[in-house]
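Examining the three-dimensional arrangement
Listed here are the chains, written in short residue letters.
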Amino acid sequence: MDANLVLLAIVIVTALSFDFTNGFHDTANAMATSIATGALRPKIAVALSAVLNFAGAFLSLKVAATIATGIVDTGAITLTVVFAGLIGGLAWNLLTWYFGIPSSSSHALIGGVVGATLIAAGASAVKGAEIVSKVLIPAVLAPLAAILVAAVGTYLVYVITRNVPEGTRGRGFRYGQIGSASLVSLAHGTNDAQKTMGVITLAMIAAGVIGKDAQTPFWVILASATAIALGTYLGGWRVIRTLGKGLTDIETPQGFAAESSSAAVIFASSHFGFPLSTTHVCTGSVIGSGIGKHLAEVRWGVAAKMAVAWLVTLPAAALVGALAWAGANVIGGALGVGVVFGVALVLSAALYLASRREPVHAGNVNDEWTGRLAPAMREHAA
């Protein structure tokens, strides 16, 4: 088999692996608040989110186009660069999942690709102005917009329903949360699944399989949608717990306002082709829902840790992407990429095994927040 095709196959497998981690890392964005308020049972929530993520991936291709041609010069990109960029994004996804930090899969991927491109082809191959306008500016504005919209929405929800009996209000908003959480999942599919489509398209262009101006092939859309849906169904319980229980104590009116705000901002960004972080938006909405009800209910220490992670996402993923390219380049060819891929698999497995020491799962994700990610072991507490 041609070495170029072997290399392309490894890149595609790596891209779909990233897409899978994107699914379980970002399940929290859509379903954390619904799970926290009891509007949906944990396993039903992730199943519903998986179906809607799959469907959302077919609604638009603007984000895929931005990733494929909008951040780096395709003429300077090789398959090894694409692979290394994916490793950078994949590593950051897994590390932040382990610590339960709702971080940006979008920025991790973009950072990885930019880091690999910088070391391989130089700064001239990176479209700095495009990154600023389509990545960095939305990264700042989107969560701020989500905080504002969710805070105002939460305040209005409580004012409008102040004379409604608490039990009736709770039941009504639990039903409303099912709809609003579904919208977030659909919006997530229209934005996040497309990142992988864009990267696979970029790899195929680099391999000469398709032309520079070619449309994303249907099988790429289908494979990306399936991978993110499977990851979503697995459920990223560690991140779900932080977003649903760690930031603020969420009631059903807050959850409804947060999810509705997130869906509106994400759909708007997808319409304009901005590959923004759904994590930033949804976290901003949860913070806004806490502010809208009572400022003191937001755990600012947890929010600060997330903010630090957001600031270092791009450079950290870029560093890993650069190191992955350097390692693969030293060995050379498909063998170099295969060796780096093997190392990544071993490290990923080690991180997964470490997470089993303090597991978070559907059965304990809603346990009371005590300041630690992993709830106390129930059998020890008895």
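Residues numbered from 1 in each chain as written. Predicted model: local features only at pLDDT ≥ 70, side-chain atom pairs only at ≥ 80, totals over all residues. Heavy atoms only, no water.

1. Concerning the overall build of the chain
Keep this limit in mind: Each helix is a run of H or I in the DSSP string that is no shorter than four residues. Each strand is a run of E no shorter than two, and both are numbered from the N terminus. When a residue's accessible area, from a 1.4 Å probe over protein chains only, is under 20% of the maximum for its type it is buried; when over 50% it is exposed; and in between it is partly exposed. Per-residue and other accessible areas follow the Shrake-Rupley method at a 1.4 Å probe size, with only the shown protein chains counted as cover for residues.
Summing up its helical and strand segments, the chain has 15 helices and 0 strands in all. With the C-alpha coordinates of the chain rotated into their principal frame, the extents come out at 70 × 45 × 35 Å. In the chain, which comprises 382 residues, the proportion classed as buried is 56%. For the chain, the accessible area works out to roughly 15200 Å², and carbon and sulfur atoms hold 69% of it.

2. Points about the UniProt feature "transmembrane region" (unreviewed entry) in the chain
Rule in force here: UniProt positions are given in the numbering used here, feature names are shortened, and annotations may be inferred rather than shown by experiment.
Within this structure's numbering, the places UniProt gives as "transmembrane region" (unreviewed entry) are residues 44-64, 76-99, 105-123, 135-160, 218-237, 307-328 and 334-354. Annotation note: span residues 334-354, helix share 100%, strand share 0%, distance between end C-alpha atoms 30 Å.

3. Section: the nonpolar core
Note the cut-off: Side-chain atoms within 4.5 Å are what join buried Ala, Val, Leu, Ile, Met, Phe, Trp, Tyr and Cys residues into a set we call a nonpolar core. Pairs of residues are marked as contacts when any of their non-hydrogen atoms sit within 4.5 Å.
One finds V82, L86, I240 and L247 to be the most contacted residues of the largest nonpolar core, which totals 85 residues. Counting residues per element, this core draws most heavily on helix α1 (residues 3-37), at 13 residues. Those residues in contact with I240, other than ones at most four positions away along the chain, are T27, A28, A32, I35, V46, K245 and V365.

4. Some words on the packing of aromatic side chains
To be explicit about the condition: Classification of ring pairs uses Phe, Tyr and Trp, with its six-membered ring standing for Trp, and accepts pairs whose centres are within 6.5 Å; under 30 degrees between planes counts as stacked, over 60 as edge-to-face, and the remaining range as tilted. Only when the NZ atom of a Lys or the CZ atom of an Arg is both within 6 Å of the ring centre and within 35 degrees of the ring normal do we say a charge sits over the ring.
For the structure shown, the criterion picks out 6 aromatic pairs. For the ring pair F173 and F256, a centre distance of 5.5 Å and an interplane angle of 50° mean the geometry is tilted. Taken together, the positions of F173 in helix α7 (residues 166-191) and F256 in helix α11 (residues 252-272) put the pair 83 residues apart, joining distant regions of the chain. In this structure F173 comes out as buried when scored by relative accessible area, which is 13%. One residue, R238, lies across the ring of W97, its end atom 5.8 Å from the ring centre. The ring of Y98 is capped by R238, whose NZ or CZ atom sits 5.2 Å from the centre of that ring.

5. Here's the deal with the pattern of salt bridges
Pairing between side chains of opposite charge can happen when the charged atoms of each approach one another. The line we're drawing: Think of a salt bridge as a Lys or Arg side-chain nitrogen and an Asp or Glu carboxyl oxygen that are within 4 Å of each other.
One pass over the full model with this rule turns up 3 salt bridges. A salt bridge links D249 to R299; the nearest nitrogen and oxygen atoms lie 3.0 Å apart. Of this pair, D249 sits in the loop between α10 (237-246) and α11 while R299 sits in the loop between α12 (278-293) and α13 (300-331); the two residues are 50 residues apart in sequence, bridging distant segments of the chain.

6. Focus on the environment of A32
Looking at the element boundaries, A32 is found in helix α1. Overall, the relative accessible area of 1% leaves A32 in the buried class. Between the alpha carbons of A32 and L79 there is a distance of 36 Å; along the sequence they are 47 residues apart. Ignoring anything within four residues of it in the chain, the contact list for A32 reads T27, I240, L243 and G244.

7. Remarks on helix α2 (residues 42-56)
Along an α-helix, residues three or four apart share an orientation, since each turn contains 3.6 residues. We count it as follows: To estimate how far a helix should extend, the number of its residues minus one is multiplied by 1.5 Å.
For α2, which comprises 15 residues, the first-to-last C-alpha distance of 21 Å matches the rise-based estimate of 21 Å (1.5 Å per residue) to within 8%. What α2 keeps buried is the set P42, A45, V46, S49, A50, L52, N53 and G56.

8. Description of the packing of α2 against helix α9 (residues 218-234)
Where we set the bar: Axes here refer to lines fitted to C-alpha atoms; in helices the fit is confined to the stretch in contact. Angles between the N-to-C directions go from 0 to 180 degrees. Comment on the angle field: the value is read as roughly parallel under 35 degrees, roughly antiparallel over 145, roughly perpendicular from 65 to 115, and oblique elsewhere. For any helix crossing, the convention is left-handed if the near helix is rotated counterclockwise from the far helix by under a right angle, and right-handed if that rotation is clockwise. Gly is put with the polar residues, along with every residue not named as nonpolar or charged; the nonpolar set is Ala, Val, Leu, Ile, Met, Phe, Trp, Tyr, Cys and Pro, and the charged set is Asp, Glu, Lys and Arg.
It is the contact of α2 with α9, at a shortest axis distance of 8 Å, that shows an interaxial angle of 170°. What the angle tells us is that α2 and α9 run roughly antiparallel. Once α2 is placed against α9, the crossing between them reads as right-handed. Note on element contacts: α9 touches α2 through L222, A225, T226, I228, A229, T232 and Y233, opposite V46, A47, S49, A50, N53 and F54. Residues that form the contact of α2 with α9 fall into these classes: 9 nonpolar, 4 polar and no charged.

9. Concerning helix α8 (residues 193-206)
Look at α8: 21 Å from first C-alpha to last across 14 residues, which is about the 20 Å you get at 1.5 Å a residue. Taken across its 14 residues, α8 has 13 buried, putting it largely inside the fold.

10. A closer look at the packing of helix α4 (residues 79-98) against helix α5 (residues 105-121)
Packing of α4 against α5 brings their axes to within 7 Å, and their N-to-C directions diverge by 140°. When the interaxial angle is binned, α4 and α5 end up oblique. In the crossing of α4 with α5, the sense of the turn from one axis to the other is right-handed. Contacts between α4 and α5 pair V81, A84, G85, L86, G88, G89, W92 and N93 from the former with S105, A108, L109, G112, V113, A116, T117 and A120 from the latter. When its residues are assigned to classes, the contact of α4 with α5 shows 9 nonpolar, 7 polar and no charged.

11. Some details on the side chain of S34
Relative to the helices and strands, S34 resides in helix α1. Given a relative accessible area of 0%, S34 falls into the buried group. Filtering out sequence-adjacent residues up to four positions away, S34 remains in contact with A39, L40, Q177, A181 and E259.

12. Notes on the environment of V81
For V81, the location among the structural elements is in helix α4. With residues near it in sequence (within four places) discarded, V81 still touches A116, T117, A120 and W325.

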